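# Fold and contact review
Here's the letter readout for the chains.
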2 protein chains.
Amino acid sequence: MFAGAQVSLYPMTDGFVDVILSSLSALDPYRERLRIETDDISTLIVGPPEVLFPALRDLYVAAAGTGHHVVLRATLSRGCPGEPDDPICQTAALANPSEPLGSRQAAALAALSEAPETGEIARAQFSLYVMGEGHHMDEIMGCIDFLKASGCFDRSKNFCTRLKGDSGAVFATLQEAFCRFGPPEGHVTIDLTVSANSPSIR
Amino acid sequence: MFAGAQVSLYPMTDGFVDVILSSLSALDPYRERLRIETDDISTLIVGPPEVLFPALRDLYVAAAGTGHHVVLRATLSRGCPGEPDDPICQTAALANPSEPLGSRQAAALAALSEAPETGEIARAQFSLYVMGEGHHMDEIMGCIDFLKASGCFDRSKNFCTRLKGDSGAVFATLQEAFCRFGPPEGHVTIDLTVSANSPSIR
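This section reports on the structure supplied with the text.

Definitions and limits used
- Residues numbered from 1 in each chain as written.
- Chains lettered and ligands numbered in written order.
- Predicted model: local features only at pLDDT ≥ 70, side-chain atom pairs only at ≥ 80, totals over all residues.
- Helix = DSSP H or I, 4+ residues; strand = E, 2+ residues; numbered from the N terminus.
- Rg over C-alpha atoms; globule rule 2.2 N^0.38 Å.
- Contact = placed C-beta atoms within 7 Å.
- Axes fitted to C-alpha atoms, helices over the stretch in contact; angles between N-to-C directions.
- Left-handed = near helix turned anticlockwise from the far one by under 90°.
- Nonpolar A, V, L, I, M, F, W, Y, C, P; charged D, E, K, R; others polar.
- Least-squares fit on C-alpha atoms with pLDDT ≥ 70 in both.
- Pairing = 2+ DSSP bridges.
- Core = buried A, V, L, I, M, F, W, Y, C linked by C-beta atoms within 7 Å.
- Buried ≥ 20, exposed ≤ 12 C-beta atoms within 10 Å, placed from the backbone.
- Arc of directions from axis to C-beta.

For the rest of this paragraph, the subject is the overall build of chain A. Across its full length, chain A carries five helices and eight strands. The globule rule puts the C-alpha radius of gyration for 202 residues at 17 Å, and the 16 Å found for chain A is close to it. Projecting the C-alpha coordinates of chain A onto the three principal axes gives extents of approximately 50 × 40 × 30 Å. By sequence separation, contacts in chain A at least 24 residues apart represent 79% of the contacts at least 6 residues apart.

Quick look at the structure:
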């Protein structure tokens, strides 16, 4: 299995380079369990979901803590048939293939109770894509039902769903959406935007 | 059919509001053929691909022309089964369902010759997702072959492909990728990032 994300931070300030560089130290506790490569458009972070999502959360919290309007953007993927298996991605976090949708939704909700409180609000917007054989819309609609019960559902929009809450809860909810819906050997992706300190919150 | 995008501009400057507001006037020539709604995270633009992509191109060119480091991000979608049909999205731009992959690739390449020159470089990174029944990886790999022949292929990365060239060619290439691959009645999405004036180009 191969899993990871292409991640970017967009600080809306003249000092954007400093905000990015200072926030990256939030990844330090995770570096041994992730592979990280940067170019001018994004940073590739390869590793299992249970490491990846807490790392993204801490990166976001560090950037948001500067007080600037900052957006974290990520293209997340697991199980893409075009990517090689990588031992660093080994994970026990993906749902059991034979488990029905209802019990996966219940397990996802139960997992949220372990989410830490960060004190930093996250306003997120994301799309979950499930590729390959099977009933992809059933999985997506099942995920949306879970989101509505998650405690950080904000609203549905065209093409995506908005979440709002403490960053701990929001990133935990995203992790459950990524791990519990779509087949465990399947190709699942998330297109994610998380916004902090926007001057035009609606 | 329902088609459109959630679009955001991220200008990395203290004057980000001014850059965004001044760039939005680039959409004016298209407004009659699009439905546009904004909130604090993104702007929804609904309409057919042959209007949507030129509108995004002109928005990007206007923002890049300010000279600031600016990123345009878009979540594009067509044919999502969860969205209602909308007459504004009516289009003749989608490939014929019975056409084999090879002739769709050839038609996509031929269409690129009509792309205008804008004088503004675009460095883009995107993922094409094809959902539902059928051989989704064949369509994605067929699209990548087209990209490699397009003239603005930069390189493959994990989870995405990089393009580089004049904005006219890059957005035309993206439009062909969106319209010619995946079934015309299918659910196809793109996760797109376009970067201008980055201080750390690699």
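Past the structure itself, the notes keep going.
The relative placement of two packed helices is expressed as an angle between their axes plus a distance between the axes. All names here are of chain A. Viewed as axis vectors pointing N to C, helix α3 (residues 101-111) and helix α4 (residues 136-149) meet at an angle of 35°, and their least axial separation amounts to 10 Å. The hand of the α3/α4 crossing is right-handed. Residue-level inspection shows L101, Q105, A108 and L109 of α3 in contact with α4, the latter providing G142, D145, F146 and A149. Of the residues assigned to the contact of α3 with α4, the class counts are five nonpolar, two polar and one charged.

Attention now goes to the relation of the copies chain B and chain A. Mapping chain B onto chain A calls for a rotation angle of 180° and an axial translation of 0.0 Å; the resulting RMSD is 0.0 Å. Considering both components of the superposition, the chain copies are consistent with a two-fold axis. Interface residue correspondence from chain B to chain A reaches 100%, placing this contact among same-surface, isologous pairings.

Right, let's get into the pairing of strand β2 (residues 35-38) of chain B. Two elements, β2(B) and strand β3 (residues 43-46) of chain B, share four bridges in a ladder whose sense is antiparallel. Looking across to β3(B), one finds that B:E37 is bridged to B:L44.

All names here are of chain B. A sheet is described by the order of its strands in space; here eight strands give the open sequence β2-β3-β1-β4-β8-β5-β7-β6, paired in antiparallel fashion. Strands with a single pairing partner mark the edges of an open sheet, and in this sheet they are β2 and β6 (153-157). The average angle at which neighbouring strand axes cross in this sheet is 20°, direction not considered. Where strand β5 (residues 121-131) meets strand β7 (residues 160-166), six bridges bridge the pair, whose relative direction is antiparallel. Across the sheet, residue R123 finds its bridge partner in β7, namely K164.

Turning next to the nonpolar core. Among the nonpolar cores identified, the biggest contains 118 residues, and A:L56, A:L72 and B:L72 are the most heavily contacted of them. Those residues in contact with A:L56 that lie beyond four places of it in its chain are A:V7, A:L72, A:A74 and A:F171.

Let us look at the environment of A:T91. Residue and element names in this part refer to chain A. Structurally, the position occupied by T91 is in the loop between β4 (70-78) and α3. Separated by 41 residues in sequence, T91 and E50 have C-alpha atoms that sit 7.7 Å apart. Apart from residues lying up to four places away in sequence, T91 is in contact with M1, A3, P48, P49 and E50.

Attention now moves to the pairing of β5(B). Residues and elements named next belong to chain B. Among the 11 residues that make up β5, 10 are buried, leaving the element largely enclosed by the rest of the structure. Pairing geometry for β5 and strand β8 (residues 187-196), over nine bridges, is antiparallel. What sits directly across from R123, in β8, is S195.

Let's shift gears to helix α1 (residues 16-23) of chain B. Residue and element names in this part refer to chain B. For α1, every residue scored as buried is listed here: F16, V19, I20 and S23. Buried residues along α1 cover an arc of 95° about the axis, so they all sit on one side. Of the surrounding secondary structure, the elements contacted by the buried residues of α1 are β1 (3-11), α2 (49-64) and β4 (70-78).

Glancing now at the sheet that holds strand β8 (residues 187-196) of chain A. All names here are of chain A. If you trace the eight strands from one edge of the open sheet to the other, you get β2-β3-β1-β4-β8-β5-β7-β6, paired in antiparallel fashion. The sheet is open, and its two edges are formed by β2 (35-38) and β6 (153-157), each paired on a single side. When the angles between neighbouring strand axes are averaged without regard to direction, this sheet yields 20°. As paired elements, β4 and β8 share nine bridges and run antiparallel to each other. Among the inter-strand pairings, A74 is bridged to a residue of β8, identified as L192. Most of the contacts of helix α1 (residues 16-24) go to strand β1 (residues 3-11), to which it runs at about 140°, and overall it touches β1 and β4.

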